Amino acid sequence: MDSVLIASNTSATMGIISDFMRSESFSRIIASQSGAEARRYITDMDFDLIIIDTPLSDELGNDFAITASEKTTAGIILIVDCENVLEISANVEDYGVFALPKPLSPEFFYQAVKLLSAARRRVMNLENENLRLQKKIEEIRIVDRAKLVLIQVLKMTEPQAQHYIEKQSMDLRQSRLATAENILRTYEV
């Protein structure tokens, strides 16, 4: 993780959180004092972590936390007054927002950041695996379409079409996908 957005209307809190983030090797730290400004940042940039110290100058911060959870894959920490933490947590937890009570101990904050970092890495790994599988499924579809074309046009059997695609791939030193795409370009109208 290397980028963090800190939304807080108090300079002191922003400074403390920024110093902590720098010590944890976050290389890009963006600060915002309002929900509107923070919303502009999340549409323009990707963040690994978003920390919201409520209230912000133009809103409480809950709505921004929910918006950020819907529009980004960032881990989100919402820092709220101790007396409101249970109510606010109940409102935002379904969106994957982690609510922490003020005053915040450094140890508890450190653990929350580490927990969200680990969770985000896991989610990103799952998303990457999902993309890889989607590409593999698309490749299988294209190869199957090419086999069907070979069966219909050249009157091959399914095993013959499969063997033809594999042999062409080896002979031409290209992937089965590239071979299938060439077959489709050649024989499909």
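An account of the accompanying structure is given in this report.

This brings us to the overall build of the chain. The number of helices and strands found in the chain is seven helices and five strands. Listing the helices and strands of the chain from first to last along the sequence gives β-α-β-α-β-α-β-α-β-α-α-α. Counting across all 189 residues of the chain, residues that qualify as buried make up 39%. Within the chain, residue pairs in contact and separated by at least 24 positions form 58% of the contacts whose partners lie at least 6 positions apart.

With that settled, the discussion passes to the packing of aromatic side chains. Under the definition given, this model contains zero aromatic pairs. Its end group placed over the ring of Phe-47, Arg-28 keeps NZ or CZ at 5.1 Å from the ring centre.

Take the pairing of strand 4 (residues 75–81) next. Two faces, one strand: in a regular strand the side chains alternate between the faces of the sheet. The buried fraction of strand 4 is high, at six of seven residues. In this sheet, strand 4 lies alongside strand 3 (residues 49–53) in parallel orientation, the contact comprising five bridges. Each residue of the ladder has a partner; that of Ile-51, found in strand 4, is Ile-77. Running through helix 3 (residues 62–71), the crossover from strand 3 to the neighbouring parallel element strand 4 is right-handed. Bridge analysis of strand 4 against strand 5 (residues 97–102) gives six bridges, and the strand direction is parallel. Of the residues in strand 5, the one forming a bridge with Ile-76 is Val-97.

Okay, the nonpolar core next. Grouped together as the largest cluster of nonpolar side chains are 22 residues, with contacts concentrated most on Leu-5, Ile-50, Ile-52, Phe-64 and Leu-78. Counting residues per element, this core draws most heavily on helix 3, which supplies four residues. The residues contacting Leu-5, other than those within four sequence positions of it, are Ile-30, Ser-32, Ala-38, Tyr-41, Ile-42, Phe-47, Leu-49, Ile-50, Ile-51 and Phe-64. The next biggest cluster of nonpolar side chains, apart from the first, holds 16 residues, and it includes Val-4, Leu-100, Val-113 and Leu-116.

This brings us to unusual backbone geometry. Going from Thr-54 to Pro-55, the amide bond is cis rather than trans, its omega being -10°. Here Pro-55 is to be found in the loop between strand 3 and helix 3. At the junction of Lys-102 and Pro-103, the peptide bond is cis and its omega measures out at -10° in the coordinates. Tracing the backbone shows Pro-103 in the loop between strand 5 and helix 5 (106–153). Located in the positive-phi region is Lys-155, a residue other than glycine, with phi close to 60°. Inspection of the secondary structure puts Lys-155 in the loop between helix 5 and helix 6 (158–172). Positive phi values are uncommon outside glycine, yet Arg-173 reaches one of about 50°.

Where helix 6 contacts helix 7 (residues 176–187), the two axes come as close as 9 Å, and the packing angle between them is 115°. In terms of orientation, helix 6 and helix 7 fall into the roughly perpendicular class. For helix 6 against helix 7, the interelement crossing comes out right-handed. Between helix 6, through Gln-162, Tyr-164, Ile-165, Glu-166, Gln-168 and Ser-169, and helix 7, the contact on the second element is made entirely by Arg-176, Thr-179 and Ile-183. Grouping the constituent residues of the contact of helix 6 with helix 7 by class yields three nonpolar, four polar and two charged.

Scoring rules and cut-offs
- Residues numbered from 1 in each chain as written.
- Predicted model: local features only at pLDDT ≥ 70, side-chain atom pairs only at ≥ 80, totals over all residues.
- Heavy atoms only, no water.
- Helix = DSSP H or I, 4+ residues; strand = E, 2+ residues; numbered from the N terminus.
- Buried < 20%, exposed > 50% of the residue type's maximum accessible area, 1.4 Å probe, protein only.
- Contact = heavy atoms within 4.5 Å.
- Phe/Tyr/Trp six-rings, centres within 6.5 Å; stacked < 30°, edge-to-face > 60°.
- Lys NZ or Arg CZ within 6 Å of the ring centre and 35° of its normal.
- Pairing = 2+ DSSP bridges.
- Right-handed = clockwise from strand over helix to strand, strands pointing away.
- Core = buried A, V, L, I, M, F, W, Y, C linked by side-chain atoms within 4.5 Å.
- Axes fitted to C-alpha atoms, helices over the stretch in contact; angles between N-to-C directions.
- Parallel < 35°, antiparallel > 145°, perpendicular 65-115°, else oblique.
- Left-handed = near helix turned anticlockwise from the far one by under 90°.
- Nonpolar A, V, L, I, M, F, W, Y, C, P; charged D, E, K, R; others polar.

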